[in-house]
Amino acid sequence: DRDGSLLRVEALEAVYGGAVQALSGVDLVVREGEIVALVGANGAGKTTLLRAISNLLPATRGQIRAGRIAYAGRDVSRTRTDALVRAGLVGVLEGRHCFRALTVEENLIAGGLGRGSGRADLRADLEWVYALFPRLTEKRRLPAGLISGGEQQMTAIGRALMGRPRLLVLDEPSMGLAPKVTAEIYRVLVDLNRERGLTLLIAEQSVTLALRHAHRSVVLENGLSVLEGGAETLRARDDIQRFYLGPR
Ligand code: ATP
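Because the structure is predicted, anything quoted here is derived from the model rather than measured.

Novice: Where do I start with the pairing of strand E7 (residues 167–171) in this structure?
Specialist: Summarising burial for E7: five of the five residues are buried, a large majority. By the alternation rule, side chains of E7 split into Leu167, Val169 and Asp171 and Leu168 and Leu170, which are all buried. Bridge count for strand E6 (residues 89–92) against E7 is four bridges, and the pairing is parallel. Note on E7: the bridge partner recorded for Gly91 is Val169. Of the pairings in the sheet, the one linking E7 to strand E8 (residues 199–203) comprises five bridges and is parallel in character. The residue of E8 that forms the bridge with Val169 is Leu201.

This is the structure in structure tokens:
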């Protein structure tokens, strides 16, 4: 966009089954090169928002009722998910989805195919992902269903990276993982942001993690974006502090 925003969500409303209002007015801007965290309690609407951005709501009987989503300066609320991926908007869904019967390497390659890369490109991108997540190298020939949860999350992120994203959207990458594994994953994400300028939008249940890694956080409450700012802004708010970070 003219103002440097890569993603701009305005007054977004979304419903499920035509009735359940999951989002009732979300505003969100992600600028090129930023890490933005989306925080909020269970059911606040984080997953719904990320699915709306990737145009995946219809698969769960959800739909956008009002508002606007712009990516790289154009309205994408009706753009198919595969076209978004080709344009660099790539999502890693909740629950670290992998093709469980395919090997780790086949999962990774699947992420590169949509872009129409040649063999040499795919090979180079695979080596890049293995360098980022060395543990995956050892597991490359195993079915993804047989590796650990952390390795599955790395595989899901690696598959998304094979699409050479410009904006990577992640839904709770730390969900159910040991702190050490979470730290390993965040280190890779932060390095990609610093070294390659990869823009990140991350739904994160842990406000502590969000404040540690994101440049800015957006707080969702009952389907509404109620606050946004850097770590200082959020920490200064007594209600946020008490609700999400515990007593001072
Ligand atoms: P969580 O961390 O639990 O995933 P969230 O912030 O991602 O929470 P959403 O999953 O987006 O929240 O849910 C927002 C609201 O929409 C909730 O009230 C939820 O019950 C409702 N909801 C989510 N998915 C569906 C669905 N497929 N059908 C009907 N209602 C849904």
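Let us keep going from here.
Novice: So what exactly am I meant to see when it comes to the nonpolar core here?
Specialist: Generally speaking, soluble globular proteins have nonpolar side chains that are buried together. If you look at the biggest cluster of nonpolar residues, it comprises 44 residues, and the most contacted ones within it are Val129, Ile157, Leu161, Leu168, Leu170, Leu189 and Leu200. The dominant element in this core, judged by the number of residues it contributes, is helix H7 (residues 179–196), at seven residues. In contact with Leu168, not counting residues within four places along its chain, are Val90, Val92, Ala160, Leu161, Leu189, Leu198, Thr199, Leu200 and Leu201. Within the second largest apolar cluster, 28 residues are counted, among which are Val9, Val26, Leu38 and Ile69.

Novice: Just to check I follow, could you spell out the side chain of Thr199 for this structure?
Specialist: Residue placement: Thr199 occurs in strand E8. Among the polar contacts listed, one links the side chain of Thr199 to the backbone nitrogen of Gly33, at a separation of 2.7 Å. Among residues more than four places away in sequence, those in contact with Thr199 are Leu6, Val30, Arg31, Glu32, Gly33, Glu34, Arg166, Leu167 and Leu168.

Cut-offs and rules
- Residues numbered from 1 in each chain as written.
- Predicted model: local features only at pLDDT ≥ 70, side-chain atom pairs only at ≥ 80, totals over all residues.
- Heavy atoms only, no water.
- Buried < 20%, exposed > 50% of the residue type's maximum accessible area, 1.4 Å probe, protein only.
- Helix = DSSP H or I, 4+ residues; strand = E, 2+ residues; numbered from the N terminus.
- Pairing = 2+ DSSP bridges.
- Core = buried A, V, L, I, M, F, W, Y, C linked by side-chain atoms within 4.5 Å.
- Contact = heavy atoms within 4.5 Å.
- Polar contact = N/O pair within 3.5 Å; in protein donor to acceptor, adjacent residues only side chain to side chain.

Such coordinate-based values are descriptive only and should not be taken to indicate function.
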